[in-house]
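Residues per chain, in single letters:
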Amino acid sequence: MAIREILTVPDPRLKEVSKPVEGGVTDELRQLMDDMLETMYDAPGIGLAAIQIGEPLRVIVMDLAGEGEEPNPRYFVNPEILPLTEDMAPYEEGCLSVPDVFDEVDRPTRCRVKYLDYDGNEREEIAEGMFAVCIQHEMDHLEGILFIDHLSRLKRQRAVDKVKKALRFKAKSKPRPAAATVA
Ligand code: GNR
Ligand code: NI
């Protein structure tokens, strides 16, 4: 397993439409999902789409267990969702690819999710509550859509500027490589 770098805005790869996994769930794909889960736990976050680590595949990992609860890792390969209601609810969302930005997004409160699991078995579930919010947020990533794309243009631009600025600051304050300290 390995922790991978998480892409942040305005990386153009986050706008790519991810491709379906062909040929089912192989050991190689499971390795990618293991890396995604480890990267997500390390961040920490509750969900991660493969494109966030630069792999344009329709794969999502998620763990909605609260602090102090047993971990509950979940894997979604080639997920499809269908809204089940016109009821919408706002939720204050964040995204590992837009660090330190949070804002409300309206989404359908219930949806049906069809996918292949870690073992390649077909599954179908009804998503509600936080699961519904998260799976829709992750499905958006597969289409190259970020939660800030649901906000006004002004808010979106502010969010991108904030992430860019934080990145510049981090680059400046990074310690120099060890070469300078070698005798
Ligand atoms: O860790 C995350 N938290 C979160 C909170 C509210 C709505 C959606 C999310 S998903 C996010 C991780 C992430 O960026 N997944 O793509
Ligand atoms: Ni996200």
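Heads up: the structure comes first, above all this text.
Residues numbered from 1 in each chain as written. Chains lettered and ligands numbered in written order. Predicted model: local features only at pLDDT ≥ 70, side-chain atom pairs only at ≥ 80, totals over all residues. Heavy atoms only, no water.

### As for the overall build of the chain
A count of helical and extended segments in the chain gives three helices and seven strands. Taken from the N to the C terminus, the helices and strands of the chain come in the order α-β-β-β-β-β-β-β-α-α. What you see for the chain is a C-alpha radius of gyration of 18 Å, in line with the 16 Å of a compact globule of 183 residues. Projected onto the principal axes, the alpha-carbon positions of the chain cover approximately 60 × 40 × 35 Å. With 183 residues in all, the chain has 39% of them scored as buried. If you take every contact in the chain between residues at least 6 apart in sequence, the share linking residues at least 24 apart comes to 64%. Summed over all atoms, the accessible surface of the chain reaches about 11,000 Å², with 50% contributed by carbon and sulfur. Both charge centroids of the chain, one from 24 positive and one from 35 negative side chains, sit 10 Å from each other. (Helix = DSSP H or I, 4+ residues; strand = E, 2+ residues; numbered from the N terminus. Rg over C-alpha atoms; globule rule 2.2 N^0.38 Å. Buried < 20%, exposed > 50% of the residue type's maximum accessible area, 1.4 Å probe, protein only. Contact = heavy atoms within 4.5 Å. Areas by Shrake-Rupley, 256 points an atom, 1.4 Å probe, with all protein chains shown as cover. Lys, Arg positive; Asp, Glu negative; His and termini not counted. Charge placed at Lys NZ, Arg CZ, Asp CG, Glu CD.)

### A look at the nonpolar core
Counting 17 residues, the largest nonpolar core has Leu29, Met33, Met36, Leu48, Val59, Val61 and Val77 as the members making the most contacts within it. Those elements that place two or more of their residues in this core are helix H1 (27–42), strand E2 (59–62) and strand E3 (74–83). Per-element tally for this core: the top contributor is H1, with six residues. Apart from residues no more than four positions distant in its own chain, Met36 is found in contact with Leu48, Ala49, Ala50, Ile53, Val59, Ile60 and Val61. Among the nonpolar cores identified, the runner-up in size contains 15 residues, and Ile51, Ile60, Ala127 and Ala132 belong to it. (Core = buried A, V, L, I, M, F, W, Y, C linked by side-chain atoms within 4.5 Å.)

### Brief notes about the environment of Tyr118
Structurally, Tyr118 can be placed in the loop between strand E6 (110–116) and strand E7 (122–128). Under the relative-accessibility criterion, Tyr118 is labelled partly exposed at 23%. In sequence terms Tyr118 and Asp27 are 91 residues apart; their C-alpha atoms lie 9.7 Å from each other. Non-local contacts of Tyr118, meaning those with residues more than four positions away in its chain, are made with Val25, Arg30, Met33, Asp34 and Tyr75. Within polar-contact distance, the side chain of Tyr118 engages the side chain of Asp34 at 2.7 Å. (Polar contact = N/O pair within 3.5 Å; in protein donor to acceptor, adjacent residues only side chain to side chain.)

### Section: unusual backbone geometry
Along the chain, Val9 connects to Pro10 via a cis peptide bond; the corresponding omega equals 5°. Of note, the phi angle at Asn78 is positive, near 50°, even though the residue is not glycine. Take Asn78: it is sitting in strand E3. The phi torsion at Asp100 lies on the positive side, around 65°, for a residue other than glycine.

### Observations regarding the pattern of salt bridges
Summed over all chains, the structure comprises 13 salt bridges. The salt bridge involving Arg30 is made with Asp27; its shortest N-O contact spans 3.0 Å. Of this pair, Arg30 and Asp27 both sit in helix H1, three residues apart, which is roughly one turn of that helix. The salt bridge involving Arg74 is made with Glu125; its shortest N-O contact spans 2.9 Å. With Arg74 in strand E3 and Glu125 in strand E7, this residue pair connects regions lying 51 residues apart in the sequence. Looking at Glu125, the relative accessible area reads 24%, which means it is partly exposed. (Salt bridge = Lys/Arg side-chain N within 4 Å of Asp/Glu carboxyl O.)

### Quick look at the site of ligand 1
Near ligand 1 there are 15 residues, and of these Ile46, Gln52, Leu96, Glu138 and His141 occur at the shortest range. Between ligand 1 and Gly47, the relevant distance is 3.1 Å, taken from a nitrogen atom to a main-chain nitrogen or oxygen of the residue. Compared with its free state, where it exposes 380 Å², ligand 1 has 91% of that area covered by protein. Elements with a minimum of two residues in the shell around ligand 1: strand E4 (88–95) and helix H2 (129–142). (Near = heavy atom within 4 Å.)

### Focus: H2
With 14 residues, H2 should cover 20 Å at 1.5 Å per step; its first-to-last C-alpha distance of 21 Å lies within 8% of that length. Listed in full, the buried residues belonging to H2 are Phe131, Ala132, Val133, Cys134, Ile135, Gln136, His137, Glu138, Met139, Asp140, His141 and Leu142. Positive backbone phi, at 80°, marks Gly144, one or two positions downstream of H2. (Expected span 1.5 Å × (residues − 1).)

Honestly, it's all geometry; don't read function into it.
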